[in-house]
Amino acid sequence: MTPTEAGLYGFLILIALMFLKIPVGFAMALVGFGGFAFLVSWDAALQLMTQDFFSVFGSYNLTVIPLFVLMGQVAHHAGISGRLFNAANKFLGHLRGGLAVATIGACAGFSAICGSTSATAATMASVALPEMKKYNYDPALATGVVAAGGSLGILIPPSTIFIIYGILTEQSIGKLFLAGVIPGILMALLFIVTIFIWTWLKPELVTPAPRSTFREKVASLAGVIETFILFAAVMGGLFMGIFTPTEAAAVGAFGTILIALAGRNLTWKGFVQALHETTRVSCMILVIVAGATVFGHFLAVTRIPFDVGDWVRELPLSPNMIMAVIIVIYLLMGCLMDSLAMITLTIPIIYPVITSLGFDPIWFGVIIVVVTEMGVITPPVGINVYVVGGVARDVPLHVIFNGALHMLMAQLATAILLILFPQIALWLPAMMQ
Amino acid sequence: MLRTIVKSIHQAAAGLNGVSAAAVVFIMLLTCADVAMRLFGKPIPGTYELVGYFGAVIVAFALAHTFVERGHIAVELLVDRLPARPRAFIEGTGYLLSAVLFGLLAWQSQVYAMDLIETGEVSLTLGIPTWPFVFSLTAGCGMLSLVLLLDALRQLKRGLAP
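A. Representation of the overall build of chain A. Counting secondary structure elements, chain A contains 21 helices and zero strands. Compactness check: chain A gives a C-alpha radius of gyration of 22 Å against a globular reference of 22 Å for 433 residues, within 12% of the reference. Overall size of chain A, expressed as C-alpha extent along the three principal axes, is 75 × 45 × 45 Å. Put simply, chain A has 433 residues, and 60% of those count as buried. For chain A, the share of sequence-separated contacts (at least 6 apart) that also reach a separation of at least 24 residues comes to 80%. Counting only carbon and sulfur atoms, one obtains 70% of the accessible surface of chain A, whose full area is about 16,300 Å².

B. Structural detail: the interface of chain A and chain B. Taken together, the contacts link 51 residues of chain A with 56 residues of chain B. Counting the surface chain A buries against chain B, the share from its top three residues, A:Lys21, A:Phe26 and A:Phe54, is 17%. If you look at where chain A meets chain B, you find four salt bridges. Joining chain A to chain B, the criterion identifies seven residue pairs in polar contact (both at pLDDT 80 or more). Considering each element in turn, the side of chain A that touches chain B owes the most residues, ten residues, to helix α14 (residues 268-301) of chain A.

C. A look at the nonpolar core. If you look at the biggest cluster of nonpolar residues, it comprises 216 residues, and the most contacted ones within it are A:Phe53, A:Phe57 and A:Phe364. The element that contributes the greatest number of residues to this core is α14(A), accounting for 17 residues. Setting aside anything within four residues of it in sequence, one finds A:Phe57 in contact with A:Leu286, A:Val287, A:Ala290, B:Gly52, B:Gly55, B:Ala56, B:Val59, B:Ala60, B:Leu63 and B:Leu137.

D. Quick peek at the pattern of salt bridges. Enumeration according to the criterion identifies 14 salt bridges over all chains in this entry. One salt bridge connects A:Asp310 with A:Arg313, and the closest N-O pair in it is separated by 3.3 Å. One end of the pair is A:Asp310 and the other is A:Arg313, both in helix α15 (residues 304-313) and three residues apart, which spans about a single turn. Looking at A:Asp310, the relative accessible area reads 35%, which means it is partly exposed. Residue A:Arg313 is classed as partly exposed on the basis of its relative accessible area of 46%. With a shortest N-O distance of 3.6 Å, B:Glu91 and B:Arg87 are connected by a salt bridge. With B:Glu91 and B:Arg87 both in helix α3 (residues 84-119) and four residues apart, the pair spans about one turn of that helix. Its relative accessible area of 8% is what places B:Glu91 among the buried residues. For B:Arg87, a relative accessible area of 29% puts it in the partly exposed group. Several salt bridges converge on common partners, so that one network encompasses A:Lys21, B:Asp80, B:Arg87 and B:Glu91.

E. Quick look at helix α2 (residues 24-39) of chain A. Compared with an ideal rise of 1.5 Å per residue, which puts 16 residues at 22 Å, α2(A) spans 22 Å between its outermost C-alpha atoms and is within 8% of the ideal. The buried count for α2(A) comes to 13 of 16 residues, which makes it a mostly enclosed element.

F. Looking closely at the environment of A:Met49. By the element assignment, A:Met49 lies in helix α3 (residues 42-57). Sequence separation between A:Met49 and A:Leu30 is 19 residues; the distance between their C-alpha atoms is 9.5 Å. Non-local contacts of A:Met49, meaning those with residues more than four positions away in its chain, are made with A:Ala29, A:Phe33, A:Val294, B:Leu101 and B:Leu105.

G. Examining the layout of surface pockets more closely. Residue and element names in this part refer to chain A. Taken as a whole, the second largest pocket encloses approximately 710 Å³ of empty space. Ile329, Met333, Thr346, Ile349 and Ile350 are, among the 26 residues lining the second largest pocket, the residues nearest its centre. Residue assignment for the lining of the second largest pocket shows that the elements contributing at least two residues are α1 (3-19), α15, α16 (319-336) and α17 (339-356). Per-element tally for the lining of the second largest pocket: the top contributor is α16, with seven residues. Per-class residue counts for the lining of the second largest pocket are 23 nonpolar, two polar and one charged.

H. Structural context of the confidence of the model for chain B. Put simply, chain B has an average pLDDT of 95, and 100% of its residues get 70 or more. Helix α1 (residues 2-39) of chain B is the least confidently modelled element of chain B, averaging 95 in pLDDT, while helix α2 (residues 47-68) of chain B averages 97, the highest of any element.

I. Summary view of the state of the cysteines. As enumerated under the stated definition, the model contains zero disulfides over all chains in all. B:Cys141 supplies the cysteine sulfur nearest to A:Cys283, a cysteine that is in no disulfide, at a spacing of 9.6 Å.

Cut-offs and rules
- Residues numbered from 1 in each chain as written.
- Chains lettered and ligands numbered in written order.
- Predicted model: local features only at pLDDT ≥ 70, side-chain atom pairs only at ≥ 80, totals over all residues.
- Heavy atoms only, no water.
- Helix = DSSP H or I, 4+ residues; strand = E, 2+ residues; numbered from the N terminus.
- Rg over C-alpha atoms; globule rule 2.2 N^0.38 Å.
- Buried < 20%, exposed > 50% of the residue type's maximum accessible area, 1.4 Å probe, protein only.
- Contact = heavy atoms within 4.5 Å.
- Areas by Shrake-Rupley, 256 points an atom, 1.4 Å probe, with all protein chains shown as cover.
- Buried area = accessible area lost by both parts, 1.4 Å probe.
- Salt bridge = Lys/Arg side-chain N within 4 Å of Asp/Glu carboxyl O.
- Polar contact = N/O pair within 3.5 Å; in protein donor to acceptor, adjacent residues only side chain to side chain.
- Core = buried A, V, L, I, M, F, W, Y, C linked by side-chain atoms within 4.5 Å.
- Expected span 1.5 Å × (residues − 1).
- 1 Å grid on protein atoms, 1.4 Å probe; cavity = no way out; pocket = protein on both sides within 12 Å on 5 of 7 lines; lining within 4 Å.
- Points joined across faces, edges and corners; volume = space filled by probe spheres on them.
- Nonpolar A, V, L, I, M, F, W, Y, C, P; charged D, E, K, R; others polar.
- pLDDT = per-residue confidence, 0-100.
- Disulfide = S-S within 2.5 Å.

Written as structure tokens, this is what we have:
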């Protein structure tokens, strides 16, 4: 068996193991270890795997993950999402579909202090869904908007997906974060446009909420200040080069705790829950990264990354067409696979191809994130839909998927605009130098 | 009998997870203190290596409890549609394989830690030995392997029951 064949079999076995419900991080480590042992030696594989696990778990750069997760979790338990939604609601709620528009606004705001799609969707679902139900919003619209809006969590910084991509490809996390800002705002605006068109075509889906007074509007702004301060301190420090990403995350998490305590919004119980969520989510993410590292070392001793690179370069297609094909492949994979597993698995193979075709690595990071965002709301494996379904227990999953698929249009439009005008992503990071 | 063993193992896993949570708070406070002291021109030496070391504690000690809470992402799409018994059999086999994997990791990390004791490897700035943190990987992987093994037995028993 040639190394290339061993690599191909490895891939097939990996996919089989994953579909047999072995946790994806475990499956990648298993196949990576087994493959390396088969091609090199048992002892070398054992040593390599152990060192991979220890170096990933003990990596200073990756401690940014638990710290940003903690920041988002504390923000959730401290009710920050509720205050953001309240403010957005006071300004936008009276429009047609205004509560849905306010939900998108609050999602975008919460994304500025939270780096995960499912956490953003979960926290906004518990805040926005009861309000939309009160005004008889159509369940598909209400839940779909929350599931899709939550996906902004990884495009607007901070973002776990940008962190993982940055570490895998050795790109600056600060630049990736900056590159996500304008596309994130653009996607939020396109979500809002989608809601306007949707409710204009079918006005019966929504009832307008009452207009609020000027005084109420001004008062609600107090709830936005904390988010603004946190975002400015964390991202400002990171972008100006004062903080490493880990320092920015630590300051952000501590700052969120202090602000929550100052406003008497954080109980001991809430804090402990936030910590438990943090260890669970961080452990899940880092095990996938460790598994992918082991699998990546196995791939490196097969010739697969080179073979794929050669094969793609010989295709009679222009770089843009190859990019289109890659995006379609990611979309299909995103329907079936967890986003993190998809990225850690494909980047070692796809990334060299991308750079050799002359695409910008930062821009491609944004594309990957946008494609991932589609993956979290498309059936059958759309994590955000399941999260929203967990909160809205009276709404069947297929109804939520149906609502979320309407919002997919806005994500597709963002992806197309990014391909046509890469400057949307690249303009801001270029200002950093 | 088996049930009491499972219960106490799960409690131990939750205990390790508590240490993991404490380590998160520790690296947050240490990093913030370092940033604050830097303003006065006196950064805390060794912050970088301590944060990395305790990062290993965070993940390793959360491994088992995260599995108990089914926090490790898996593709449930196919298996969850099967009838109860083949499903239990497939899950049990998968957990057994995973138990072997983490058992190997626990064993090899212990060998690795012993090597480090022998060679006396220490961190660059503070001169802290690396081996205790490698042992945290042994403890975490060993605990996860145990939890997986017990779950594998339970599921296989269910899957193979006549």
